[in-house]
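Working through the structure, step by step
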Amino acid sequence: MSEGGKVRIDPPSDFPPAEDHYQRLWTPQRMSYVLGKGAHPRAQKNAKHKCPFCAAEKKSDEDGLIAWRGKTVFAIMNLYPYNVGHLMICPYRHVGYLTQLTDPELQEFEKATVLAMEVMRVVSHPDGWNIGINQGKVAGAGVADHLHQHIVPRWEGDSNFMPIVAETRTMPILLSNQRDAYASAFARLASQYDLTSNSTAHK
Ligand SMILES: [Zn+2]
């Protein structure tokens, strides 16, 4: 703020939220890079045929490790689970960002996430969950072009020394068996969430 030609700097304590311990390096010139080429989501039409989600969705439920199919979204086991029982919810459409979903897709995407939690609760009684989406490669998305919500069940004491000393995660149940257990629970519980199971869709 300028007062009589002098610049007045307001103390940080006048602004919410509380000050943290990080310093900020303000670099407004980088905005031209941020807004420049490559930062915007772009549909990569020719990348679609390499997409593992699009490929899995065309297989049978068993071969594609698909636990449930709705109208616009489906639930699929993670081939490289962070923890046993790791599921993902994906739209059928090959889009990378939540902002690209239609209202019906967005609604089913969120409801299917809640349904997946309930399925896990019934099948394997987790003590908690990690749920989230990495959107874009820069944010850590492994398959950045096809949106997927991770749903990872957690149990007390499920972190042990194996990932640290052996770079190995112990998985006490095979993916196919886990898929089977989830699939029957999804089929049983979907209607309680006003979700329509669509077992023949997109095969
Ligand atoms: Zn795809």
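These figures come from a predicted structure and were not determined experimentally.

**Topic: the sheet that holds strand β4 (residues 73-77)**
Reading across the sheet, the five strands line up as β3-β4-β5-β7-β6 and stay open at both edges, with antiparallel pairing between neighbours. Sheet topology places β3 (66-69) and β6 (128-132) at the edges, where each strand pairs with a single neighbour. Between one strand axis and the next, the sheet turns by 20 degrees as a mean value, whatever way the strands run. Here three bridges tie β3 to β4, and the two strands are oriented antiparallel to one another. Within β4, the position partnered with I66 by the bridge is I76.

**With respect to the packing of helix α4 (residues 103-124) against helix α6 (residues 175-189)**
The contact between α4 and α6 brings their axes to 9 Å, and the two run at 120 degrees. The orientation of α4 relative to α6 falls into the category oblique. Helix-helix and strand crossings are classified by hand; for α4 and α6 the assignment is right-handed. Counting all contacts with α4, which are made through L115, A116, E118, V119, M120, V122, V123 and S124, the residues of α6 involved are Q178, A181, Y182, A185, F186, R188 and L189. In the contact of α4 with α6, the residues fall into 11 nonpolar, two polar and two charged.

**Quick word on the coordination of the zinc ion**
Donor atoms from the polypeptide that bind the zinc ion are C51 (SG), C54 (SG), H94 (ND1) and H146 (ND1), placed at 2.1 to 2.3 Å. Around the zinc ion sit four donor atoms; with metal-centred angles ranging over 102 to 118 degrees, the donor geometry is tetrahedral. Motif for the zinc ion, donor spacing along one chain: C-x2-C-x39-H-x51-H. Here C54, found in helix α2 (residues 52-57), pairs with H94, found in the loop between β5 (87-91) and α4; they are 40 residues apart in sequence, far enough to count as distant.

**Digging into unusual backbone geometry**
Here L65, not a glycine, exhibits a phi torsion of approximately 55 degrees, which is positive. With respect to the helices and strands, the residue L65 is situated in the loop between α3 (61-64) and β3. Residue classification places L65 among the buried residues on the basis of a relative accessible area of 13%. Non-glycine residue H125 carries a positive phi angle of around 50 degrees. For H125, the location among the structural elements is in the loop between α4 and β6. Residue classification places H125 among the exposed residues on the basis of a relative accessible area of 55%.

**A closer look at α6**
For the α-helix, the turn length of 3.6 residues means that residues three or four positions removed from each other point alike. With 15 residues, α6 ought to run about 21 Å at 1.5 Å a step, and its terminal C-alpha atoms sit 21 Å apart, in line with that. Every buried residue of α6 is accounted for by Q178, R179, Y182, A183, A185, F186 and L189. Each element contacted by the buried residues of α6 is listed here: α3, β3, β4, β5, α4 and β7 (149-154).

**Overview of the pairing of β5**
With respect to burial, β5 is a largely interior element, five of its five residues being buried. Looking at chain direction, β4 and β5 are connected through five bridges and run antiparallel. Paired with F74 across the bridge in β5 is C90. Relative to β7, β5 runs antiparallel, the two being bridged by three bridges. Across the sheet, residue M88 finds its bridge partner in β7, namely H150.

The rules behind the values
- Residues numbered from 1 in each chain as written.
- Predicted model: local features only at pLDDT ≥ 70, side-chain atom pairs only at ≥ 80, totals over all residues.
- Heavy atoms only, no water.
- Pairing = 2+ DSSP bridges.
- Helix = DSSP H or I, 4+ residues; strand = E, 2+ residues; numbered from the N terminus.
- Axes fitted to C-alpha atoms, helices over the stretch in contact; angles between N-to-C directions.
- Parallel < 35°, antiparallel > 145°, perpendicular 65-115°, else oblique.
- Left-handed = near helix turned anticlockwise from the far one by under 90°.
- Contact = heavy atoms within 4.5 Å.
- Nonpolar A, V, L, I, M, F, W, Y, C, P; charged D, E, K, R; others polar.
- Donors = N, O, S within 2.8 Å, 3.2 Å for Na, K, Ca; no water.
- Tetrahedral: all angles 85-135°; square planar, octahedral: opposite > 155°, others 65-115°.
- Buried < 20%, exposed > 50% of the residue type's maximum accessible area, 1.4 Å probe, protein only.
- Expected span 1.5 Å × (residues − 1).

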